[in-house]
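So you can see what is in the structure, the chains are spelled out below.
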Amino acid sequence: MRCELNDYESRGEHQSQIINHKSSTTNHQSQITNRKSQIANHQSQIINGRALMKNLGILLSGRGSNFEAIARNVQAGKIPAKIAVVISNKEDAAGLATAKTLGLETRFIPSQGKQREAFDREVVSVLKDFQVDVVCLAGFMRILSPYFVRAFPGRILNIHPALLPAFPGTYAQKQALDYGVKFAGCTVHIVDEGVDSGPIVCQAVVPVLDEDTPESLSARILKEEHRIYSEAVCLLIDDKVRLQGRRLVSNDTAP
Ligand code: GRF
C-alpha cells in the first residue's frame, strides 16, 4: 500500500481497467496471459506492501490533536502504516484517552522525578517491544536524550508550530506574534540531538492578521499541522526522501 494523501490514482479506475481488460480476453489470448501476470504482480505488490507496512509509535503529553489527525489518516488507509503504540508521560493526557477510544495500544510511562535518560530508556524499550519503525512526537513535552535519538536515527519526527529555524522552543506562536512577522506556520522536522534543530521535512505557511491573538494564530497554524504531519509521515515511511547534508530531498530526483 502506498501513501495516498496525494495519490490521485483512482483504485476504481484501476479495477475497471482490470475488468475491461478481462472483457478483452475474447479478442486476444496472449493479452490474457500478459494481463493475468500483471494482476498477479499487482497482488504480490499488495502483499509486499503489507509486509513492508511500517509501525508508528506516538508520544504525546496532552491534547493529542496531531496524533488524532494521523490516526484518522491511518484508519482511512491514507497512510500505509500501523499505529503500534501510543505512549504518554501524563496519565490524564486527552490524547491517551482518544487512543484508548480508538482501540489502540497505550502506555502511561511517568516521567516525573526520573533522570532524562532513565525515562527515555523505558520509552525506547516499549517502542522496541512494539517494533516501532518511526516515532512521532505529537505534543510530547520533553526533550529527548542522545540515547533516545540514537536509538531511532533519522526516524523520529516532531511538529513545531513555527517556521523553523525561527521561533524554536515554547510559545512559538506568541514569539511570532510579538516579533511582528506577517507570515507564520509550522514545521515537521527530523529530531536530532538539539532542540527543534533537525532537518526539515515539511512546512506550511499561514498569514498573520492584525487582529490575531496567540490563540487565533495557533488555531490557524494547527489546521495546517494536522495536514502536514501526515504528509511528513508518508514521505518518511515511503522512503521518498533522503538527506543531502541538512536538506531532505526527493528520491525521485536522484541521478
Ligand atoms: C502543537 O501545536 C504542536 O505543534 C506542538 O504542540 C502542540 C500539540 O498539540 N509541538 P496537540 O497535542 O497535537 O493537539
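Residues numbered from 1 in each chain as written. Predicted model: local features only at pLDDT ≥ 70, side-chain atom pairs only at ≥ 80, totals over all residues. Heavy atoms only, no water.

Asks: Before we move on, can you summarise the packing of aromatic side chains with the specific residues and values?
Replies: The geometry of an aromatic ring pair is captured by two quantities: the separation of the ring centres and the angle between the planes. Per the stated rule, a full pass over the model turns up three aromatic pairs. On the basis of an interplanar angle of 50° and a centroid distance of 6.2 Å, the ring pair of Phe148 and Phe152 is categorised as tilted. Accessibility assignment for this pair places Phe148 and Phe152 in one class, buried. Sitting over the ring of Tyr147, Arg121 keeps its end group 3.9 Å from the ring centre. (Phe/Tyr/Trp six-rings, centres within 6.5 Å; stacked < 30°, edge-to-face > 60°. Buried < 20%, exposed > 50% of the residue type's maximum accessible area, 1.4 Å probe, protein only. Lys NZ or Arg CZ within 6 Å of the ring centre and 35° of its normal.)

Asks: How would you explain helix H8 (residues 214-237) if you had to name every residue and give the values?
Replies: Between its terminal C-alpha atoms H8 stretches 33 Å, which fits the 34 Å expected from 24 residues at 1.5 Å a residue. Leu217, Ile221, Leu222, Glu225, Ile228, Tyr229, Ser230, Ala232, Val233, Cys234, Leu236 and Ile237 are the residues of H8 that are buried. Phi for Asp239, located one or two positions after H8, is positive at around 55°. (Helix = DSSP H or I, 4+ residues; strand = E, 2+ residues; numbered from the N terminus. Expected span 1.5 Å × (residues − 1).)

Asks: I'd love a proper account of the sheet that holds strand S6 (residues 183-190), names of residues and values included.
Replies: Taken together, seven strands build an open sheet; the order of strands is S3-S2-S1-S4-S5-S6-S7 and the sheet is mixed. A strand with exactly one partner marks an edge of an open sheet, and here the two such strands are strand S3 (106-108) and strand S7 (200-207). Sheet twist, expressed as the mean angle between neighbouring strand axes with direction ignored, is 20°. Taken together, the seven bridges between strand S1 (residues 54-60) and strand S2 (residues 81-88) define a ladder with parallel strand orientation. By the bridge assignment, Leu60 is partnered in S2 with Ser88. Lying on the sheet, helix H5 (residues 116-129) is in contact with S1, S2, S3 and strand S4 (134-137); it crosses S2 at an angle near 155°. (Pairing = 2+ DSSP bridges. Axes fitted to C-alpha atoms, helices over the stretch in contact; angles between N-to-C directions. Contact = heavy atoms within 4.5 Å.)

Asks: Explain the environment of Val233 residue by residue, including any values.
Replies: When you line up the elements, Val233 lands in helix H8. If near-sequence neighbours (up to four positions away) are discounted, Val233 is found in contact with Leu56, Ile70, Ile79, Cys136 and Leu157.

Asks: Can you break down the packing of helix H3 (residues 65-75) against H8 residue by residue, with the values?
Replies: Packing of H3 against H8 leaves a shortest axis separation of 9 Å and a crossing angle of 50°. Relative to H8, H3 is oriented oblique. Here H3 runs over H8; the crossing is right-handed. Taken together, the residues of H8 that come into contact with H3 (itself represented by Ser65, Asn66, Ala69, Ile70 and Asn73) are Leu222, Glu225, His226, Tyr229, Ser230 and Val233. Partitioning the contact of H3 with H8 into residue classes produces five nonpolar, five polar and one charged. (Parallel < 35°, antiparallel > 145°, perpendicular 65-115°, else oblique. Left-handed = near helix turned anticlockwise from the far one by under 90°. Nonpolar A, V, L, I, M, F, W, Y, C, P; charged D, E, K, R; others polar.)

Asks: Could you give me a rundown of the site of the ligand, with the residues and numbers involved?
Replies: Around the ligand sit Arg63, Gly64, Ser65, Asn66, Gly139, Ile159, His160, Pro161 and Glu225, and those are all the residues in its vicinity. Here a nitrogen atom of the ligand and a backbone polar atom of Ile159 are 2.9 Å apart. Measuring from an oxygen atom of the ligand, one finds a side-chain N or O atom of Glu225 at 2.7 Å. The fraction of the free accessible surface of the ligand (370 Å²) that becomes covered by protein chains is 85%. Where the shell around the ligand is concerned, the elements lending two or more residues are H3 and strand S5 (156-160). For the shell around the ligand, a count of residues per class yields two nonpolar, five polar and two charged. (Near = heavy atom within 4 Å. Polar contact = N/O pair within 3.5 Å; in protein donor to acceptor, adjacent residues only side chain to side chain. Areas by Shrake-Rupley, 256 points an atom, 1.4 Å probe, with all protein chains shown as cover.)

Asks: Just give me the short version of the nonpolar core, but keep the residues and values in it.
Replies: In this structure, Leu56, Phe67, Ile70, Ile83, Leu157, Tyr229 and Val233 are the most contacted members of the largest nonpolar core, which totals 44 residues. Looking at this core element by element, the count peaks at nine residues for H8. Once you skip the residues sitting within four places of it in the chain, Phe67 turns out to touch Ile58, Leu60, Ile83, Val86, Gly95, Thr98, Ala99, Leu102, Leu104 and Ala138. By size, the runner-up hydrophobic cluster in this structure holds 21 residues, among which are Ile109, Phe148, Phe152 and Val191. (Core = buried A, V, L, I, M, F, W, Y, C linked by side-chain atoms within 4.5 Å.)

Asks: So what about the pattern of salt bridges? Which residues, and what values?
Replies: Under the counting rule described, the total for this entry stands at 10 salt bridges. Residue Lys174 pairs with Asp178 through a salt bridge whose shortest N-O separation is 2.7 Å. You can see Lys174 and its partner Asp178 sitting in helix H7 (residues 172-179), four residues apart, about one turn around the helix. Two residues, Asp238 and Lys240, come together in a salt bridge whose shortest N-O distance is 3.4 Å. When its relative accessible area of 22% is taken as the criterion, Asp238 is described as partly exposed. Within this structure, Glu224, Arg227 and Glu231 form a network of salt bridges that share partners. (Salt bridge = Lys/Arg side-chain N within 4 Å of Asp/Glu carboxyl O.)

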